[in-house]
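Overview (structure and organization)
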Amino acid sequence: MSAFFSLIRRDLSLAWKHGNALLMALGFFIIAISLFPLSLGPDRETLGRVAGGVIWVSALFSVMLTLERVFGPDHEDGSLEQLTLLPLPLGMVALAKTIAHWIIASLPLVLAAPLVAVALNLPLNQVGILAIALLLGTPALSAIGCLGAALTLGVRQSGVILSLLILPLFVPILIFGAGAVEASTNGTGAQGALQILGAISLIAIVLGPPVTASALRLAME
Amino acid sequence: MSALQGYKVQSLACRRGGRMLFTGVSFALDAGDALLISGRNGVGKTSLLRILSGLVRPEDGQLFIGNTSADDDPEAYRAPIAYLGHRNALKPALSVRDNIQFWAGLRGGMRTEDAMIAMNITHLADTPVRLLSSGQKRRSALARLYACGAQLWLLDEPSTGLDAASRKRLDAMIARHREEGGIVIAVAHGDLIMPDAKDLRLEDNAL
């Protein structure tokens, strides 16, 4: 178990030392969102209406951007071989990587989202729903994303293939995530959508890492 | 470190890209033994080491440590093995000590400082790996191997990039490992001195 936590700690400290990984996702997230008022115009009512969807789409792309770095550097410098050789099931290594990715790439977005939501004039009662929806949905983004990263490991132009592979799988999370915010406006209640988001994340976290491990084994061959 | 009893390999075969690289590779080693694998480029030396490490499954054949078979209990089979491939698995941003300590910690190894003394990199302990020369990186990777305290070492051309003095240190480190009851299996091209090592010459299967 201590090996599991030291794997997570290592990824966090590497991200911290490099700095860019952390700032890249968050920076992209904020810049992408700030483009919408420029293109849609400064009308506060319009912005408030689209804010939920805009933030979710931006979160998806920000997470996308970091996926290549989950296994890429470890694959290149030989660390992945060594991780595969640990007397630890590879699924546990993949789970540690997934959790570390969530903390590095997704958690900052969850924390920053309420601020940008307010800036986009999302009604205050929906800001809370948005934050909860992101908190429940982003673990699935990390789990599915890491799986995609493992599958495209060592493939040329893996970035493009990764997007084509992963974005369709992100669609349900996007629908229910943005749907939760939308539902709280028109009075149908966000609870159902949030529960489904949580369910998707649970399934992704349980099933993702073992499949990721198999994909990593294939990349080792 | 406890001595490793009975490492046994039976009729291994390896296929890569549809071509049979080798078949019928068998050997048995005991505590303190060393095996030198030689053969022409591309004959499958690295592939053999990767099979022995458990990274790649053999096309055919079996691997045993004592009574533990790699098929039945892969985690227990991997536990006493350390593999050093062509790549050093060092993180450029971390210091030499942090790099070694991380893997030693995961493997339950307790001798990071000893290992750095053995490969003469103590003066570089706090230097980030990105500032090291390729020889110094190789020495750090070798120190990690020693620090992990594994009983069976699989070395793929371990002396690449090492100067004469460092090669001597490597030979001494391997000798010490064998005295402690460890086993070494190495791929090398004549620049590694292992007294009384057994020889395994892989022959070209394609001809």
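Just so it is clear, the model here is predicted, and its values are computed rather than measured.

All names here are of chain A. With 28 residues, helix H7 (residues 158-185) should reach 40 Å at 1.5 Å per residue; the first-to-last C-alpha distance of 39 Å fits that figure. The largest bend in H7 comes to about 35°, at Phe 170, with the proline Pro 172 one to four residues further on. On its buried face, H7 is in contact with helix H3 (44-77), helix H6 (124-151) and helix H8 (191-220).

Let us now look at the sheet that holds strand S2 (residues 19-29) of chain B. Residue and element names in this part refer to chain B. Spatially, S2-S1-S4-S5 is the arrangement adopted by the four strands of the open sheet, whose pairing is antiparallel. At either margin of the open sheet sits one strand with a lone partner, and together these are S2 and strand S5 (68-69). As paired elements, strand S1 (residues 7-16) and S2 share seven bridges and run antiparallel to each other. Residue pairing for S2: Leu 12 is matched across the bridge by Val 25. Seen against the sheet, helix H1 (residues 45-53) touches S1, S2 and strand S4 (60-65) and runs at an angle of roughly 125° to S1.

Residue and element names in this part refer to chain B. What the five strands build is an open sheet, ordered S6-S7-S8-S3-S9; its pairing is parallel. Of all strands in the sheet, those with a lone pairing partner are strand S6 (81-84) and strand S9 (198-201), marking the two edges. Averaged over all pairs of adjacent strands, the angle between their axes in this sheet comes to 15°, without regard to strand direction.

Let us look at the packing of H3 of chain A against helix H5 (residues 90-119) of chain A. Packed helices, taken two at a time, are described by their axes: the angle between them and the distance between them. Residues and elements named next belong to chain A. For the pair H3 and H5, the least separation of the axes is 10 Å and the interaxial angle reads 155°. As far as their axial angle goes, H5 and H3 are roughly antiparallel. Judged by the twist between their axes, the crossing of H3 over H5 is right-handed. Contacts between H3 and H5 involve Ala 51, Ile 55, Ala 59, Ser 62, Val 63, Thr 66 and Val 70 from the first element and Lys 97, His 101, Ala 105, Ser 106, Leu 109, Ala 113, Val 116 and Ala 117 from the second. Tallied by class, the residues present in the contact of H3 with H5 amount to 10 nonpolar, four polar and one charged.

The next thing to look at is the interface of chain A and chain B. Tallying the contact residues gives 19 residues for chain A and 20 residues for chain B. Secondary-structure elements contributing two or more residues to the side of chain A that touches chain B are helix H1 (2-18) and helix H4 (79-84) of chain A. In terms of residues, the side of chain A that touches chain B owes the most to one element, H1 of chain A, which gives six residues. Class assignment of the residues belonging to the side of chain A that touches chain B gives a composition of eight nonpolar, six polar and five charged.

Parameters and conventions
- Note that residues are indexed from 1 along each chain, following the sequence as it is written.
- Going through the entries in the order they are written, you letter the chains from A and number the ligands from 1.
- Residue-level local features of this predicted model are given only where pLDDT is at least 70; pairs of side-chain atoms are given and counted only at 80 or more, and the full residue set underlies all totals for whole chains, interfaces and linings.
- In this description a helix means any DSSP run of H or I spanning at least four residues, a strand means any run of E spanning at least two, and both kinds are numbered starting from the N terminus.
- Multiplying 1.5 Å by the residue count of a helix minus one yields the expected span of that helix.
- To get the bend at a residue, fit one axis to the 7 residues ending there and another to the 7 starting there, then take the angle between the axes.
- By the convention adopted here, residues are in contact when the distance between their C-beta atoms, placed from the backbone, does not exceed 7 Å.
- A pair of strands is treated as paired once DSSP finds two or more bridges between them.
- Orientation is described by lines fitted to C-alpha atoms, with helices fitted over the stretch in contact, and by angles between N-to-C directions that extend from 0 to 180 degrees.
- Orientation categories follow fixed angle ranges, with anything under 35 degrees roughly parallel, anything over 145 roughly antiparallel, 65 to 115 roughly perpendicular, and all other angles oblique.
- Throughout, a crossing is termed right-handed when the near helix is turned clockwise from the far one, and left-handed when it is turned anticlockwise from it by less than a right angle.
- Amino acids outside the nonpolar list (Ala, Val, Leu, Ile, Met, Phe, Trp, Tyr, Cys, Pro) and the charged list (Asp, Glu, Lys, Arg) are all regarded as polar, and Gly is one of them.

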